[in-house]
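Observations on the three-dimensional arrangement
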Amino acid sequence: MKNLAVFVDSKNGQISESSKRLLDLSSSWLVQNGLEGIYVYGFEEQSSDSFNSFSSIKQYIHITIPGLVNNNQVIAPLLEDIKQKEIGQFFYVKSLLVDSIAAFFAESLSIPLVSNVLKLAKVSDGYQLTKSIFSGKATLTTEINNNSFIAAFNKSFTFETTSQAGNSAISQAVIALGTDAQNKLIENYPLTGAIPLPDAAIVVGAGRGFKDPSNWGIVEDLAKELGAATACSKPVSDLNWRPHHEHVGQTGVKIAPKLYIACGISGAIQHLAGVNGSRKIVVINNDPEAPFFKHADYGIVGDVFDVLPRLLNKLKSH
Ligand SMILES: Cc1cc2nc3c(=O)[nH]c(=O)nc-3n(C[C@H](O)[C@H](O)[C@H](O)COP(=O)(O)OP(=O)(O)OC[C@H]3O[C@@H](n4cnc5c(N)ncnc54)[C@H](O)[C@@H]3O)c2cc1C
């Protein structure tokens, strides 16, 4: 097994920032481990120059999915393809769709799948993968004595890269997954919001402290001014104040932005579990005892309806 597969996320043909970082990691990994090439798999068409800045990519394979990915039959065309391409290692940044494919790969190929990987290294008799556990409160290092494995990376993964030469235009192919007669996809709900939450560099999160969905204008204005995505706590989406795909936390989206501004959110442990990969956290809360302050890099004790307009005015005047 001499090749590596990387599954990438994209929206409107733009490869996500975390997938780009993974391609950088993969290019370095390839060189360090004497692998031959990378096959990139994704779920959208890509222009021929999408991969110009990454080295060692042999081909881009666009996977089309007519229905649900819920059994081995459905992924059979993909399995056939990866066997032909002599792929032994599979990297992706955790996503629900690839998680479902990866589970069938692991079972069909009898190879280990390690989830929430933060970093990986080659050791004398295999590979060492460090993963995030207990919602990011601890890490666990596990060893694999097998050349073939699947690594599902946590968004806040780290790596040391060596600079690589880019690729010229690469070839492309299309694989259609099979369908399952017993289940069919009725409707797709595209995510709303200009900036996809999982990849945003800046996120403005708002909680029950905003009291009513009609008060979200200031959150959206601040996010727009900062070029940020908006997020919310679970009760806020449970109350249908905000869409469910904005809910971050243990049971929601996990984010790892450069800056997370949490407004009117208490900082419950389940919320922290989804945001503790953020590089800097700013908390705005009118209760000085709010637990979130213990996890903040900067804190403002104040009313969000007072602080946010002032912050917005300040940003606009610069
Ligand atoms: C199994 C399980 C899973 C869960 N998963 C998640 C999850 O994934 N994500 C998640 O978020 N939660 C999750 N929760 C819920 C979590 O425990 C908390 O209840 C939730 O995060 C609280 O949301 P909140 O901070 O918006 O609301 P609250 O706890 O009501 O806090 C509101 C905060 O706003 C502040 N505030 C009020 N008014 C103002 C104002 N005018 N200005 C400034 N601050 C103000 C208050 O001081 C308070 O700190 C989960 C719970 C369970 C049991």
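A short tour of the structure in this document, coming up. Just so it is clear, the model here is predicted, and its values are computed rather than measured.

1. Description of the overall build of the chain
Along the backbone of the chain there are 7 helices and 16 strands. Its C-alpha radius of gyration of 21 Å places the chain within 12% of the 20 Å reference for a compact globule of 318 residues. C-alpha atoms of the chain, sized along the principal axes, occupy 60 × 45 × 35 Å. Of all 318 residues assigned to the chain, the portion counted as buried reaches 45%. Counting every atom, the chain has about 15800 Å² of accessible surface; 51% of that belongs to carbon and sulfur. In the chain, the 27 positive side-chain charges and the 29 negative ones have mean positions that sit 4 Å from each other.

2. So, the layout of surface pockets
Size it by volume and the second largest pocket reaches roughly 360 Å³. In this structure, the second largest pocket is lined by 15 residues; those nearest its centre are Arg21, Lys155, Ala256, Pro257 and Arg279. When residues of the lining of the second largest pocket are assigned to domains, at least three map to each of domain 1 (3–176) and domain 2 (197–316).

3. Digging into the pattern of salt bridges
A full pass over the atoms with the stated rule returns 10 salt bridges. Across the pair Lys58 and Glu36 runs a salt bridge whose closest N-O atoms are separated by 2.9 Å. Pair noted here: Lys58 is in strand S5 (residues 57–64) and Glu36 is in the loop between helix H1 (17–32) and strand S4 (37–42), with a separation of 22 residues, a long-range link. Of the residues examined, Glu36 reaches a relative accessible area of 45% and is grouped as partly exposed. Several salt bridges share partner residues, and in doing so they unite Lys2, Glu36, Lys58 and Glu86 into one network.

4. Remarks on the pairing of strand S10 (residues 149–153)
Burial analysis of S10 places 5 of its 5 residues in the buried class, which makes it a mostly covered element. Burial of the side chains of S10 extends over both faces: Phe149, Ala151 and Phe153 are buried on one face and Ile150 and Ala152 on the other. Pairing of strand S6 (residues 87–93) with S10, which is carried by 5 bridges, proceeds in the parallel orientation. Residue Phe90 lies in a different strand from S10, and its bridge partner there is Ile150. Bridge analysis of strand S7 (residues 113–123) against S10 gives 4 bridges, and the strand direction is parallel. The residue bridging Val117 from the neighbouring strand is Phe153, located in S10.

5. With respect to H1
In a regular helix each residue adds 1.5 Å, so 16 residues correspond to 22 Å; H1 covers 23 Å between its end C-alpha atoms and thus fits that length. Where H1 is concerned, the buried positions are Ser18, Ser19, Leu22, Leu23, Leu25, Ser26, Ser27, Ser28, Trp29 and Leu30. Positive phi appears at Gly34, one or two residues downstream of H1, with a value of about 65 degrees.

6. Observations concerning the site of the ligand
The local shell around the ligand holds 26 residues, among which Arg208, Ser233, Ser266, Gln270 and Asn285 are the closest. The side chain of Asp303 places a nitrogen or oxygen atom 3.1 Å from a nitrogen atom of the ligand. Considered on its own, the ligand offers 980 Å² of accessible surface; in the complex 75% of this is hidden by protein. Of all elements in the fold, only helix H5 (234–238), helix H6 (269–275) and helix H7 (304–316) reach the threshold of two or more residues within the shell around the ligand. Of the residues assigned to the shell around the ligand, the class counts are 6 nonpolar, 15 polar and 5 charged.

Rules and cut-offs
- Residues numbered from 1 in each chain as written.
- Predicted model: local features only at pLDDT ≥ 70, side-chain atom pairs only at ≥ 80, totals over all residues.
- Heavy atoms only, no water.
- Helix = DSSP H or I, 4+ residues; strand = E, 2+ residues; numbered from the N terminus.
- Rg over C-alpha atoms; globule rule 2.2 N^0.38 Å.
- Buried < 20%, exposed > 50% of the residue type's maximum accessible area, 1.4 Å probe, protein only.
- Areas by Shrake-Rupley, 256 points an atom, 1.4 Å probe, with all protein chains shown as cover.
- Lys, Arg positive; Asp, Glu negative; His and termini not counted.
- Charge placed at Lys NZ, Arg CZ, Asp CG, Glu CD.
- 1 Å grid on protein atoms, 1.4 Å probe; cavity = no way out; pocket = protein on both sides within 12 Å on 5 of 7 lines; lining within 4 Å.
- Points joined across faces, edges and corners; volume = space filled by probe spheres on them.
- Domains from an automatic or database assignment.
- Salt bridge = Lys/Arg side-chain N within 4 Å of Asp/Glu carboxyl O.
- Pairing = 2+ DSSP bridges.
- Expected span 1.5 Å × (residues − 1).
- Near = heavy atom within 4 Å.
- Polar contact = N/O pair within 3.5 Å; in protein donor to acceptor, adjacent residues only side chain to side chain.
- Nonpolar A, V, L, I, M, F, W, Y, C, P; charged D, E, K, R; others polar.

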